[in-house]
Amino acid sequence: MGKGYNARIASNPYIVGTFACIGGGLFGLDISSMSTVLNNPAYANTFNNPGSNAQGAIVASMPAGSLMGALSVTYLGDKLGRKKTVIFSGLFWVIGSILQCASVDRGMLCAGRIISGYAVGLASTVVPVYQSEIAAPAIRGRLVSFQQWSITWGILFQYFVQFGCSYINGTASFRIPWGLQMIPAIILSLGMTVFPESPRWLVDHDREAEALEILADLHGGGNEQDELVLLEFEEIKQQVHFERTEGAKSWSDLLKPGVLRRVVLGSSLQMWSQLTGMNVMMYYVVYVFEGAGLTGRRANLIADSVQYVLNVAFTVPAIIYIDKWGRRPMIIYGCLIMGFWLYLVGGLQARFGEWGTLNGATTWVVVNNGAATKAIIVCSYCFVCSFAITMGPASWTYAAEIFPMRVRAKAVALSTATNWLFNFALAWAAPPMLANIQWKTYFVFGTFNFAACIHFFFCFPETAQRSLEEIEEVFAQGHEYSAWAVSRSVGKKSLSDVLANKGDEKGSLEKSDV
């Protein structure tokens, strides 16, 4: 029987680790698919000129579906495996895209967005798990960071498709981009058929021979006697054996000592990633720049494009250096800097803005002050760059690597579901906030960033440069409220250490039998 995957592809960790990131790109496609139609007259006419609350509900329907998709991974990820779950996510996205492209009213549009959201929920949850389980410790952060980079590319690609189609009159200006976005999902579902399954999932399902073969192809050039391969294989087996002695998997496992702490960390990290305000700045960048005084649909679209390009470009340094810099500095300093830029935006809006009329609605807007308009736009760009180089990649990486194998699918699903829950709430709330409390909106999100910075400093230990099994030692140190006290050398092991530990455990078992 064949391997069920292409060994040559499996031998390149970057191809294996990045291809599944197309699933993350689906989320990016959705962000641009809505942000660029907000000032499109054809879209407004087709869907009966949605107001701020109605538009918020349309946008929020996607993260509502994503919430359901993320929670579904708790079953699908363990039952079907990581690989098949990624394939299913692409199929659901195609169905949702078809409905959106053909939609004739708000109900049909929301139905399509919910189904597409379900696909994004599946992909955004299982892809980081898949990446973290197949990557070598030295590059795991880099590979999982590609999830965030793929989101930025999805935003950028869909944006320029939308921008090009904006020159078309009529509903084709938004239906063509909504239809084309199914192409990456088709590539994802077909392409994943030649990629390997997670070796950790295989060991957990008593398929050790397949797991060792895949580990050898992934990290040893096909050599099953390679030291790194044997080290990982022994660590995985020991961890799975230990977890099985604890009993059957269940949701109650998430409440056990040592696990609950990590569930809180993973979920709160995903919560803070939304409360930074980044997705509000992505979804509603049109509203943000209009409030800054940038008038004209074409000028706004051009300014938006700069923000999306910066988002892609500034994610690259994070991908390269995340394993060197570490997770803690990135999330701590990132939130500190983002809070600063948001306070600047809010202060400039408060100082130079006034009540005016925009698109027939009364709103707070900067009028006839080019310097203030440019300053607000530049601060918005700096905010996006700060997120792209810090919190964006680190939030996906950290939440995917801190959980034990026994509960990983459920715990990551719960963490990602938290992300989508807050995404849903903010997507719906942002338009009314921008309409009613105006510039104070930026102070709200700026304050969230400063609060997150404090939380990260005290509670989040460093996890970089360790295998998933070695991370268990990090949390065994304690230091729940003094995370800085955990040394970066904690948990590091060699093959001889692992085998010696295995011998000690075997000896203990033999004595207990006597």
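Criteria and cut-off values
For every chain, the first residue of the written sequence is number 1, and numbering continues from 1 onward in sequence order. Reporting in this predicted model follows two pLDDT cut-offs: at least 70 for local features of residues, and 80 or more for side-chain atom pairs to be given and counted; totals over whole chains, interfaces and linings ignore these cut-offs and use all residues. In computing side-chain properties, one takes all heavy atoms of the structure into account and sets aside hydrogens as well as water. Helix and strand definitions here come from DSSP, where helices need a minimum of 4 consecutive H or I residues and strands a minimum of 2 consecutive E residues; each element is numbered from the N-terminal end. Only C-alpha atoms enter the radius of gyration; for comparison, a globular chain is expected to reach 2.2 Å times N to the power 0.38, where N is the number of residues. Each residue is placed in one exposure class: buried if its accessible area under a 1.4 Å probe, protein chains only, is under 20% of its type's maximum, exposed if it is over 50%, and partly exposed if it falls in between. By definition in these notes, contact holds between two residues if any of their heavy atoms fall within 4.5 Å. A 1.4 Å probe and the Shrake-Rupley method give the accessible areas. Residues count as covered only by the protein chains that appear here. Strands pair, by our definition, only if DSSP identifies at least two bridges between them. An axis is simply a line fitted to the C-alpha atoms; with a helix, the fit covers only the stretch in contact. Between two such axes, the angle follows the N-to-C directions and lies from 0 to 180 degrees. Here is the rule for angles: anything less than 35 degrees is roughly parallel, anything more than 145 is roughly antiparallel, 65 through 115 is roughly perpendicular, and the remaining ranges are oblique. By convention, the crossing between two helices is left-handed when the near helix turns anticlockwise from the far helix through less than a right angle, and right-handed when the turn is clockwise. Three classes are used: nonpolar for Ala, Val, Leu, Ile, Met, Phe, Trp, Tyr, Cys and Pro, charged for Asp, Glu, Lys and Arg, and polar for all others, with Gly counted as polar. The nonpolar core is taken to be a set of buried Ala, Val, Leu, Ile, Met, Phe, Trp, Tyr and Cys residues, with the residues joined through side-chain atoms within 4.5 Å. Each residue gets a pLDDT score, which is the predictor's confidence in that residue and runs from 0 to 100. Salt-bridge detection follows one rule: a side-chain nitrogen of Lys or Arg within 4 Å of a carboxyl oxygen of Asp or Glu.

### Describing the overall build of the chain
- For the chain, the helix and strand inventory stands at 25 helices and two strands.
- A compact globule built from 514 residues should have a C-alpha radius of gyration of about 24 Å, and the chain, at 24 Å, falls within 12% of that.
- Referenced to the eigenvectors of the C-alpha coordinate spread, the extents of the chain come out at roughly 85 × 50 × 35 Å.
- Counting the 514 residues in the chain, one finds 59% classified as buried.
- For the chain, restricting intrachain contacts to residue pairs at least 6 apart in sequence, the fraction spanning at least 24 positions comes to 80%.
- For the chain, the accessible area works out to roughly 19100 Å², and carbon and sulfur atoms hold 66% of it.

### A few points about the side chain of Glu 290
- Topologically, Glu 290 is positioned in helix H16 (residues 285-291).
- By relative accessible area, which is 11% here, Glu 290 ends up buried.
- With residues near it in sequence (within four places) discarded, Glu 290 still touches Asn 39, Asn 300, Leu 358, Asn 359 and Val 365.

### Describing unusual backbone geometry
- Phi is positive for Asp 206, which is not a glycine, with a value near 60°.
- Looking at the element boundaries, Asp 206 is found in the loop between helix H11 (199-204) and helix H12 (208-219).
- You can call Asp 206 exposed: its relative accessible area is 59%.

### A closer look at the pairing of strand S2 (residues 361-366)
- Sheet topology places strand S1 (residues 353-358) next to S2; six bridges connect them, and they run antiparallel. The partner of Glu 354 across the bridge, within S2, is Val 365.
- Here S1 folds back onto S2 in antiparallel fashion, the turn holding two residues, of which Asn 359 has a positive phi close to 55°.

### Notes on the packing of helix H7 (residues 106-134) against helix H22 (residues 408-436)
- The N-to-C vectors of H7 and H22 enclose an angle of 135°; their axes lie 9 Å apart at closest approach. Taken as axis vectors, H7 and H22 run oblique relative to one another. Seen along the crossing, H7 lies across H22 with a hand that is right-handed. Contacts from Val 120, Gly 121, Ser 124, Thr 125, Val 129 and Glu 133 of H7 reach H22 at Arg 408, Val 412, Ala 413, Thr 416 and Trp 420.
- When grouped by side-chain class, the residues that make up the contact of H7 with H22 number five nonpolar, four polar and two charged.

### Here we look at the nonpolar core
- Grouped together as the largest cluster of nonpolar side chains are 105 residues, with contacts concentrated most on Tyr 43, Tyr 284, Met 391 and Phe 456.
- Once residues within four sequence positions are removed from consideration, Met 391 is found in contact with Leu 269, Trp 272, Ser 273, Thr 276, Met 330, Ile 331, Cys 335, Met 338, Ser 386 and Phe 456.
- In this structure, Val 16, Leu 76, Ala 211 and Leu 218 belong to the second largest nonpolar core, which totals 34 residues.

### A look at the confidence of the model for the chain
- Per-residue confidence for the chain gives a mean pLDDT of 88, with 94% of residues at or over 70.
- Contacts of residues 508-514 to residues separated by more than four positions or lying in other chains number zero contacts, the stretch itself having pLDDT below 50.

### Structural notes on the pattern of salt bridges
- As enumerated under the stated definition, the model contains 14 salt bridges in all.
- For Asp 78, the salt bridge is made with Arg 82, and the minimal N-O distance between the two is 3.4 Å. Neither Asp 78 nor Arg 82 differs from the other in exposure class; each is buried.
- The partner of Lys 410 in a salt bridge is Asp 78, with the nearest N and O atoms 3.8 Å apart. Note that Lys 410 is positioned in helix H22 and Asp 78 in helix H5 (residues 52-79), a separation of 332 residues in sequence.

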